Amino acid sequence: MEILLLGNELLHQKALPVKQITPEYQQIAADLVQTLHDGRGLGLAGPQVGRMERIFAVHIENDVPRVFINPSIIETSPETVRYEEGCLSIPGLYADVIRPQTIKIQAWNECGKPFTLEVTGLLARVILHEYDHLEGMLFIDRIPEQRREKIVAKYERIAMQKERRQKARYRV
Ligand code: NI
(Lines give C-alpha, C1' and ligand atoms only; values in the text may rest on other atoms or scores of the structure.)
Protein backbone atom coordinates (compact mmCIF):
# COMPACT_ATOMS: atom_id res chain seq x y z
CA MET A 1 0.00 0.00 0.00
CA GLU A 2 1.21 3.49 -0.77
CA ILE A 3 1.22 5.90 2.17
CA LEU A 4 -0.23 9.36 1.51
CA LEU A 5 1.80 12.29 2.78
CA LEU A 6 0.99 15.62 4.40
CA GLY A 7 -0.52 17.87 1.77
CA ASN A 8 -2.92 15.19 0.54
CA GLU A 9 -6.52 16.29 1.12
CA LEU A 10 -7.69 12.77 2.05
CA LEU A 11 -5.72 13.01 5.30
CA HIS A 12 -8.08 15.81 6.39
CA GLN A 13 -11.32 14.00 5.58
CA LYS A 14 -13.50 11.96 7.90
CA ALA A 15 -13.58 8.22 7.14
CA LEU A 16 -16.90 6.37 6.73
CA PRO A 17 -18.03 3.35 8.76
CA VAL A 18 -17.35 -0.09 7.29
CA LYS A 19 -20.81 -1.36 6.29
CA GLN A 20 -20.08 -5.05 6.43
CA ILE A 21 -16.91 -6.84 7.52
CA THR A 22 -16.51 -9.23 4.58
CA PRO A 23 -13.61 -11.77 4.31
CA GLU A 24 -11.88 -9.16 2.11
CA TYR A 25 -11.08 -7.23 5.29
CA GLN A 26 -8.67 -9.93 6.47
CA GLN A 27 -6.48 -9.12 3.45
CA ILE A 28 -6.87 -5.36 3.94
CA ALA A 29 -5.85 -5.79 7.60
CA ALA A 30 -2.83 -7.90 6.62
CA ASP A 31 -1.80 -5.26 4.05
CA LEU A 32 -2.13 -2.47 6.63
CA VAL A 33 0.04 -4.39 9.11
CA GLN A 34 2.62 -5.18 6.39
CA THR A 35 2.74 -1.53 5.31
CA LEU A 36 3.22 -0.26 8.85
CA HIS A 37 6.02 -2.80 9.37
CA ASP A 38 7.70 -1.72 6.13
CA GLY A 39 7.52 1.90 7.25
CA ARG A 40 8.68 1.01 10.79
CA GLY A 41 5.58 2.68 12.17
CA LEU A 42 3.46 1.72 15.17
CA GLY A 43 0.10 2.24 13.52
CA LEU A 44 -1.57 2.92 10.18
CA ALA A 45 -5.12 4.04 9.39
CA GLY A 46 -7.24 3.55 6.26
CA PRO A 47 -7.19 7.21 5.17
CA GLN A 48 -3.36 7.12 5.15
CA VAL A 49 -3.50 4.67 2.26
CA GLY A 50 -6.47 6.35 0.58
CA ARG A 51 -9.11 3.99 2.02
CA MET A 52 -11.69 6.34 3.52
CA GLU A 53 -13.04 3.71 5.90
CA ARG A 54 -12.98 3.40 9.68
CA ILE A 55 -10.21 0.85 10.01
CA PHE A 56 -6.71 0.97 11.46
CA ALA A 57 -3.92 -1.38 12.51
CA VAL A 58 -1.62 -1.00 15.48
CA HIS A 59 1.49 -2.98 16.38
CA ILE A 60 3.71 -1.99 19.28
CA GLU A 61 6.66 -3.91 20.67
CA ASN A 62 5.86 -6.87 22.97
CA ASP A 63 2.28 -6.99 21.71
CA VAL A 64 0.43 -8.67 18.85
CA PRO A 65 -0.72 -6.68 15.80
CA ARG A 66 -4.25 -5.40 16.41
CA VAL A 67 -6.87 -4.31 13.91
CA PHE A 68 -9.76 -2.00 14.80
CA ILE A 69 -12.83 -1.60 12.57
CA ASN A 70 -15.57 0.97 13.33
CA PRO A 71 -13.95 1.77 16.70
CA SER A 72 -15.48 3.93 19.42
CA ILE A 73 -13.53 5.38 22.32
CA ILE A 74 -15.93 4.77 25.18
CA GLU A 75 -13.78 6.08 28.07
CA THR A 76 -10.73 8.28 28.48
CA SER A 77 -8.91 8.88 31.76
CA PRO A 78 -8.66 12.41 33.15
CA GLU A 79 -4.93 11.73 33.64
CA THR A 80 -2.95 12.81 30.61
CA VAL A 81 0.58 12.17 29.36
CA ARG A 82 2.87 14.24 27.17
CA TYR A 83 4.91 12.18 24.71
CA GLU A 84 6.72 12.68 21.42
CA GLU A 85 4.78 11.47 18.36
CA GLY A 86 5.52 10.97 14.72
CA CYS A 87 3.41 9.79 11.79
CA LEU A 88 4.09 7.74 8.65
CA SER A 89 2.31 10.47 6.67
CA ILE A 90 4.66 13.18 7.99
CA PRO A 91 8.07 11.44 7.88
CA GLY A 92 10.80 13.09 9.91
CA LEU A 93 8.52 15.36 11.90
CA TYR A 94 8.10 14.77 15.65
CA ALA A 95 6.36 16.76 18.35
CA ASP A 96 5.06 16.37 21.88
CA VAL A 97 1.33 15.68 22.12
CA ILE A 98 -0.76 15.52 25.31
CA ARG A 99 -3.26 12.64 25.39
CA PRO A 100 -5.27 10.66 27.97
CA GLN A 101 -3.18 8.01 29.72
CA THR A 102 -5.80 5.25 29.70
CA ILE A 103 -8.68 4.55 27.33
CA LYS A 104 -11.42 2.03 26.81
CA ILE A 105 -12.19 1.22 23.19
CA GLN A 106 -14.80 -0.92 21.52
CA ALA A 107 -14.34 -2.18 17.94
CA TRP A 108 -14.56 -5.16 15.59
CA ASN A 109 -11.55 -7.11 14.39
CA GLU A 110 -10.83 -8.09 10.78
CA CYS A 111 -12.91 -11.28 11.21
CA GLY A 112 -15.95 -9.29 12.33
CA LYS A 113 -15.60 -10.20 16.01
CA PRO A 114 -16.48 -7.40 18.44
CA PHE A 115 -14.16 -6.69 21.36
CA THR A 116 -13.59 -4.16 24.13
CA LEU A 117 -10.13 -3.23 25.32
CA GLU A 118 -8.87 -1.13 28.21
CA VAL A 119 -5.32 0.01 27.54
CA THR A 120 -2.81 2.41 28.98
CA GLY A 121 0.52 3.95 28.00
CA LEU A 122 1.97 3.64 24.51
CA LEU A 123 -0.77 1.39 23.12
CA ALA A 124 -3.46 3.86 24.24
CA ARG A 125 -1.50 6.69 22.63
CA VAL A 126 -1.07 4.90 19.30
CA ILE A 127 -4.76 3.94 19.23
CA LEU A 128 -5.80 7.56 19.88
CA HIS A 129 -3.41 8.78 17.16
CA GLU A 130 -4.91 6.31 14.65
CA TYR A 131 -8.45 7.12 15.74
CA ASP A 132 -7.70 10.78 14.98
CA HIS A 133 -6.79 9.77 11.42
CA LEU A 134 -10.35 8.43 11.00
CA GLU A 135 -11.62 11.86 12.02
CA GLY A 136 -9.37 13.57 9.48
CA MET A 137 -7.08 14.84 12.20
CA LEU A 138 -3.28 14.69 12.34
CA PHE A 139 -1.14 14.87 15.46
CA ILE A 140 0.13 18.28 14.38
CA ASP A 141 -3.47 19.53 14.71
CA ARG A 142 -3.15 18.85 18.45
CA ILE A 143 -0.17 21.10 19.14
CA PRO A 144 -0.18 24.88 19.69
CA GLU A 145 -0.58 26.81 16.44
CA GLN A 146 2.68 28.76 16.67
CA ARG A 147 4.69 25.61 17.23
CA ARG A 148 2.79 23.84 14.44
CA GLU A 149 3.51 26.56 11.90
CA LYS A 150 7.20 26.43 12.76
CA ILE A 151 7.64 22.67 12.44
CA VAL A 152 5.44 22.37 9.33
CA ALA A 153 7.51 25.09 7.63
CA LYS A 154 10.64 23.11 8.52
CA TYR A 155 9.07 19.89 7.21
CA GLU A 156 8.12 21.56 3.91
CA ARG A 157 11.62 22.98 3.51
CA ILE A 158 13.13 19.51 3.96
CA ALA A 159 10.55 17.91 1.64
CA MET A 160 11.34 20.49 -1.04
CA GLN A 161 15.09 19.87 -0.72
CA LYS A 162 14.48 16.13 -1.02
CA GLU A 163 12.42 16.67 -4.17
CA ARG A 164 15.10 18.90 -5.67
CA ARG A 165 17.79 16.30 -4.96
CA GLN A 166 15.64 13.61 -6.58
CA LYS A 167 15.14 15.76 -9.70
CA ALA A 168 18.88 16.44 -9.89
CA ARG A 169 19.54 12.73 -9.81
CA TYR A 170 17.24 12.17 -12.80
CA ARG A 171 18.82 14.96 -14.80
CA VAL A 172 21.69 12.79 -16.09
NI1 NI B 1 -0.25 8.91 11.83
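Note that the structure is a prediction, hence the values are computed from the model and not measured.

So, helix H1 (residues 24-38)
And step 1. For H1, built from 15 residues, the straight-helix expectation of 21 Å at 1.5 Å per residue is met to within 8% by its first-to-last C-alpha distance of 21 Å.
And step 2. By the burial criterion, the buried members of H1 are Tyr-25, Ile-28, Ala-29, Leu-32, Val-33, Thr-35 and Leu-36. Across the axial projection of H1, the buried residues extend over an arc of 165 degrees, all falling on one side.
And step 3. If you follow the buried residues of H1, they end up packed against strand S1 (43-45), strand S2 (55-58) and strand S3 (66-76).

What to know about the sheet that holds strand S7 (residues 114-120)
And step 1. The five strands are arranged S1-S2-S3-S6-S7 in an open sheet whose pairing can be described as antiparallel. At either end of the open sheet lies a strand with only one pairing partner, and these are S1 and S7. Sheet twist, expressed as the average angle between the axes of neighbouring strands with direction ignored, equals 40 degrees.
And step 2. Two strands pair when backbone bridges link them, and S1 and S2 are joined in this way by three bridges, in the antiparallel orientation. Bridge pairing in S2 places Gly-43 opposite Val-58.
And step 3. Sheet strands touched by H1: S1, S2 and S3. Its angle to S2, the strand with the most contacts, is close to 45 degrees.
And step 4. Packing against the sheet, helix H2 (residues 122-134) makes contact with S1, S2, S3, strand S6 (102-108) and S7, and its axis sits at approximately 155 degrees to S2.

Some details on the layout of surface pockets
And step 1. Taken as a whole, the largest pocket spans an internal volume of roughly 440 Å³.
And step 2. The wall of the largest pocket is formed by 21 residues, among which Leu-42, Glu-85, Gly-86, Cys-87 and Tyr-94 lie closest to the centre.
And step 3. Of all the elements in the fold, those that place two or more residues in the lining of the largest pocket are strand S4 (80-85) and H2.
And step 4. Residues belonging to the lining of the largest pocket are distributed by class as follows: nine nonpolar, seven polar and five charged.
And step 5. Looking at the second largest pocket, its volume works out to about 240 Å³.
And step 6. In terms of lining residues, the second largest pocket is bounded by Leu-5, Leu-6, Pro-91, Tyr-155, Glu-156, Ala-159, Met-160, Lys-162, Glu-163 and Gln-166.
And step 7. Of the residues assigned to the lining of the second largest pocket, the class counts are six nonpolar, one polar and three charged.

Thoughts on H2
And step 1. Along its 13 residues, H2 runs 19 Å from first to last C-alpha, staying within 8% of the 18 Å computed at 1.5 Å per residue.
And step 2. For H2, a buried count of 12 out of 13 residues is recorded, marking the element as mostly surrounded by other parts of the structure.
And step 3. In the stretch just after H2, Gly-136 is the one whose phi turns positive, near 75 degrees.

Regarding the side chain of Asn-70
And step 1. As for its placement among the helices and strands, Asn-70 is situated in strand S3.
And step 2. With relative accessibility at 18%, the residue Asn-70 sits in the buried group.
And step 3. At a separation of 2.8 Å, a polar atom in the side chain of Asn-70 contacts the main-chain amide nitrogen of Val-18.
And step 4. Setting aside chain neighbours within four positions, we find Asn-70 in contact with Pro-17, Val-18, Arg-54, Gln-106, Ala-107 and Trp-108.

Digging into the side chain of Ser-77
And step 1. Topologically, Ser-77 is positioned in the loop between S3 and S4.
And step 2. Overall, the relative accessible area of 12% leaves Ser-77 in the buried class.
And step 3. Among the polar contacts made by the side chain of Ser-77, one reaches the main-chain amide nitrogen of Gln-101 at a distance of 3.2 Å.
And step 4. Discounting residues that sit within four places of it in the chain, Ser-77 has contacts with Pro-100, Gln-101 and Thr-102.

What counts as what
- Residues numbered from 1 in each chain as written.
- Predicted model: local features only at pLDDT ≥ 70, side-chain atom pairs only at ≥ 80, totals over all residues.
- Heavy atoms only, no water.
- Helix = DSSP H or I, 4+ residues; strand = E, 2+ residues; numbered from the N terminus.
- Expected span 1.5 Å × (residues − 1).
- Buried < 20%, exposed > 50% of the residue type's maximum accessible area, 1.4 Å probe, protein only.
- Arc of directions from axis to C-beta.
- Contact = heavy atoms within 4.5 Å.
- Pairing = 2+ DSSP bridges.
- Axes fitted to C-alpha atoms, helices over the stretch in contact; angles between N-to-C directions.
- 1 Å grid on protein atoms, 1.4 Å probe; cavity = no way out; pocket = protein on both sides within 12 Å on 5 of 7 lines; lining within 4 Å.
- Points joined across faces, edges and corners; volume = space filled by probe spheres on them.
- Nonpolar A, V, L, I, M, F, W, Y, C, P; charged D, E, K, R; others polar.
- Polar contact = N/O pair within 3.5 Å; in protein donor to acceptor, adjacent residues only side chain to side chain.

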